[in-house]
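# Structural overview
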Amino acid sequence: AGTAAPPASAHRPTRPSAPGASTAMQLKVALPSGEVTVPVEPNSTPGMLKENLKYSLRVPPKLIKLTCDGRELDDIKPLVAEPNNLKDGDIILAVAREGAPEEVIKQAESKPPAQTMIRKEEPPKPKVVKKDVVRPILAEGDVVKKKTIEPGYQVWKPQFVEGKHPTRHLAFIRVEAVEDKKRYPEQEETSMVFALGDPQTSPVWTAAVLQMEVGEKAEFQMPKKAVDFDPEGLLPSDSCSTWTVELLRMAEAIDVEQDYRQLLHIESSGGKERAEDLDGVAVHWRVRRWMAEGMFCIASSRERIAIMPGYGLVPIEDQNAPPVTIAVGEGQQEAVEMIAMKCGPGGKGHMYLKTEAMKGNRPQGCVVIDVEVVAMDPCRGPGSAGWKGWQSLMVERETGDQWLEEADGRRKQLETFGTLRKSTGDSKDAEAHVSSQVHKFAKNAARRYLRAVKWIEADDQEDRKIKLEKCTLQIRLAKSSTLAHQRFGEAGEAEANGEEKVAIQEALEILKQVLVTAEGLKNDGLVYECLKMNLQVCIQGQDVDQARKVLETLLTMRPEDHELKSDSALINRLEGVLHLKRGASTIETVQKDLQAAVIAEDKPKVTDCVQKLHDMIKGGEVTWDTVRTLKVGKDVGNAMKMGDPDIAGLARKVVGEIQSLATRAGIGL
């Protein structure tokens with residue numbers, strides 16, 4: 001949920017300094033509600049400061065007046081330049097400008113309202129490592145309601161407490177450890193939230209809530225040991241036996257995987273319209289910590305930087321900030337996208353995530369992601385409400401291009417890393433992560449290109465411009481769809497799996513169609529681009545013969561293209577890899593023949609097999625890994641023990657070649 005565009009630089013007077021830039025200086029800003037010291041960059045401007053001051057003064061920037069020693073500051077000039085001439089430690093007076101409406105001046109001079117501050121540094125609750133991590137089992141009478149402090153007003157019926165179920169009860173409670181006089185959560189106006197029956201919470205809280213009505217406040221006696229179970233940090237675990245529990249409300253949530261790790265609570269469903277795959281949806285989102293101490297805001301799409309008395313520069317939520325747009329189904333903000341598909345415009349939803357749920361693109365630990373759906377832009381092709389013809393087509397293609405560029409960049413990163421050093425245990429996890437990003441981004445690109453191609457076909461125009469655009473989209477579709485399955489590192493030399501083979505075959509069929517169209521349009525540039533893509537697909541499919549044919553055609557068209565030399569080198573390397581694969585298969589067959597000949601004491605056959613092994617190893621037809629894995633040396637040693645001097649002499653030569661092969665492998669040759 002942290003991938004939305006950051007606030008514009010106008011909201012950040014303390015922008016990171018570029019190399020060689022001057023360091024930040026300290027200014028004091030005098031507000032009606034107090035004085036605050038803020039660090040600013042010398043090259044920032046008073047106008048930028050006003051953007052941060054509007055939250056505490058509650059006045060539009062144009063109605064804020066900044067003065068220093070009686071001089072009004074120039075909004076667009078740097079703080080340290082003429083005519084502002086500010087220096088470290090200067091005091092700036094910030095007030096509402098004269099002539100502003102009276103209600104605006106009164107608002108600026110009054111105490112500012114409490115702002116929702118974004119506590120980015122709020123860490124997840126540390127997990128206490130305990131020997132006994134088994135969830136306690138309650139006996140009858142373990143959790144006893146001692147007295148009702150305040151009666152409830154609504155009876156509720158428990159239905160989804162035990163076992164797997166697509167729906168769960170969410171309980172919103174406030175509690176107090178009576179002996180310790182400690183309240184949870186720390187913020188009085190908020191509540192703790194948990195799902196009844198959650199195996200990652202102590203059963204005492206479920207047992208207490210099951211005995212209460214909504215709105216009720218009661219005192220309970222609980223076993224201390226049973227309370228002390230809280231692996232996710234969602235509820236208190238104090239060593240206390242007497243607790244006051246207040247049940248504020250109950251709600252139903254969707255248990256996405258029926259394992260309590262992803263709980264979706266739809267607060268309001270909004271309008272009837274629902275987002276479909278790849279639709280654009282305008283939303284506000286917020287991320288909160290999910291823990292007993294409080295559900296603090298730690299990230300928000302409404303984030304802005306404000307100058308607040310007593311705090312200085314702090315990130316806050318600006319309730320007037322515009323919504324951000326996400327694309328549903330692209331997997332960048334899974335929780336936000338899921339809520340956006342469940343709510344219409346005006347709807348609100350909350351996703352409660354455990355530590356291991358939907359870990360990508362969000363803060364670590366247990367969090368709650370709040371989403372408000374503002375509007376939708378459902379462009380679904382010709383005839384749909386959002387269709388704008390050529391403009392929609394270009395937006396779709398550009399979106400696909402952005403994803404393909406991201407995927408290609410990570411592909412190059414993997415290839416560069418592969419040439420620098422051999423993968424180790426530490427690096428393989430990082431490589432796997434980057435590889436998954438390549439596949440994910442390429443898949444997103446392919447979906448965009450495929451949708452755009454379908455739109456063109458649905459529009460059914462014979463215009464040359466449209467045909468050229470369709471060809472361009474199909475070439476990029478072929479690239480992205482094969483890249484979505486491409487293997488890297490050691491896996492890159494293995495044979496493609498079934499899905500990759502299908503993708504390669506489909507890409508070749510698409511490129512075949514493009515080539516016919518491009519030749520019919522007599523567009524040599526398009527023909528060349530299509531053939532180059534065909535070459536890459538052939539290399540990925542390990543079709544050396546076809547790749548060489550395509551390469552020869554490309555060389556006749558543009559012999560000056562230096563990239564073709566790299567492609568030729570790739571083909572040669574692929575041919576070498578395939579040759580070694582065939583050698584590995586052949587040497588295994590020869591090895592088995594040798595084993596049988598030794599057992600049968602067939603000396604002519606043994607001599608023939610040992611000679612074949614010698615020629616293959618000396619000729620570089622097999623790798624050291626193959627020879628070592630098959631334990632070829634052991635069988636050659638058995639041949640030496642047969643007592644034939646000729647066989648023994650030939651076998652010693654094989655052993656020497658094996659040793660040389662091991663030495664070359666050891667130095668990376």
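Every residue gets a number counted from 1 within its own chain, in the order that chain's sequence is written. Reporting of local features is limited, given that this is a predicted model, to residues whose pLDDT is at least 70; pairs of side-chain atoms are given and counted only at 80 or more, and all residues count toward the totals for whole chains, interfaces and linings. Water and hydrogen atoms were dropped before computing side-chain values, which therefore reflect all heavy atoms in the structure.

## Concerning the side chain of glutamate 657
Put simply, DSSP H or I for four residues or longer makes a helix, DSSP E for two residues or longer makes a strand, and each gets a number counted from the N terminus. For glutamate 657, the position within the fold is in helix H16 (residues 645–666). Buried and unpaired, glutamate 657 has no salt bridge, with lysine 618 as the nearest side chain of opposite charge at 4.9 Å. The contact definition used throughout considers only heavy atoms, calling two residues in contact when any of these lie within 4.5 Å. Sequence-distant contacts of glutamate 657, that is, excluding residues within four places in its chain, are made with His614, Ile617 and Lys618. Only protein chains enter the accessibility calculation, which uses a 1.4 Å probe; a residue whose area is less than 20% of its type maximum is buried, one above 50% is exposed, and one in between is partly exposed. We treat Lys and Arg as the positive residues and Asp and Glu as the negative residues; His and chain ends play no part in the count. Put simply, a salt bridge is a Lys or Arg side-chain nitrogen that is within 4 Å of an Asp or Glu carboxyl oxygen.

## Here's the deal with the packing of helix H8 (residues 464–483) against helix H10 (residues 524–540)
Two numbers describe how H8 lies on H10: the axes approach to 10 Å, and their chain directions differ by 15°. In terms of orientation, H8 lies roughly parallel with respect to H10. Here H8 and H10 pass one another in a crossing that is left-handed. For the pair H8 and H10, contact is made by Leu468, Cys471, Thr472, Ile475, Ala478, Lys479, Thr482 and Leu483 and by Leu526, Glu529, Cys530, Met533, Val537 and Gln540, respectively. Split by residue class, the contact of H8 with H10 holds 9 nonpolar, 3 polar and 2 charged. Axes, fitted as lines to C-alpha atoms, cover a helix only where it is in contact. Angles between the N-to-C directions of the axes lie from 0 to 180 degrees. Relative orientations are named as follows: roughly parallel for angles under 35 degrees, roughly antiparallel for angles over 145 degrees, roughly perpendicular for angles from 65 to 115 degrees, and oblique for any other angle. Two helices that cross are described as forming a left-handed crossing if the nearer one is turned anticlockwise from the farther one by less than a right angle, and a right-handed crossing if clockwise. Each residue is assigned to one class: nonpolar for Ala, Val, Leu, Ile, Met, Phe, Trp, Tyr, Cys and Pro, charged for Asp, Glu, Lys and Arg, and polar for all the others, Gly among them.

## Quick notes on the packing of aromatic side chains
The description of an aromatic ring pair uses the distance of the two centres, along with the angle that the planes make with each other. We call Phe, Tyr and Trp rings a pair once their centres come within 6.5 Å, taking the six-membered ring for Trp, and we label the pair stacked below 30 degrees between planes, edge-to-face above 60, and tilted otherwise. Within the structure shown, the criterion is met by 4 aromatic pairs. Consider the rings of tryptophan 290 and tyrosine 352, whose centres lie 5.2 Å apart with planes at 70°: the pair is edge-to-face. Here tyrosine 352 lies in strand S18 (residues 348–353) and tryptophan 290 lies in the loop between strand S13 (280–289) and strand S14 (297–300), a separation of 62 residues in the sequence. Taken as a pair, tryptophan 290 and tyrosine 352 share a single burial class, namely buried. An angle of 80° between the planes, with centres 5.4 Å apart, marks the rings of tryptophan 387 and tryptophan 455 as edge-to-face. Within this pair, whereas tryptophan 387 is found in the loop between strand S19 (367–377) and helix H6 (390–420), its partner tryptophan 455 is found in helix H7 (residues 425–459), the two being separated by 68 residues in sequence. Since its relative accessible area comes to 22%, tryptophan 387 is described here as partly exposed.

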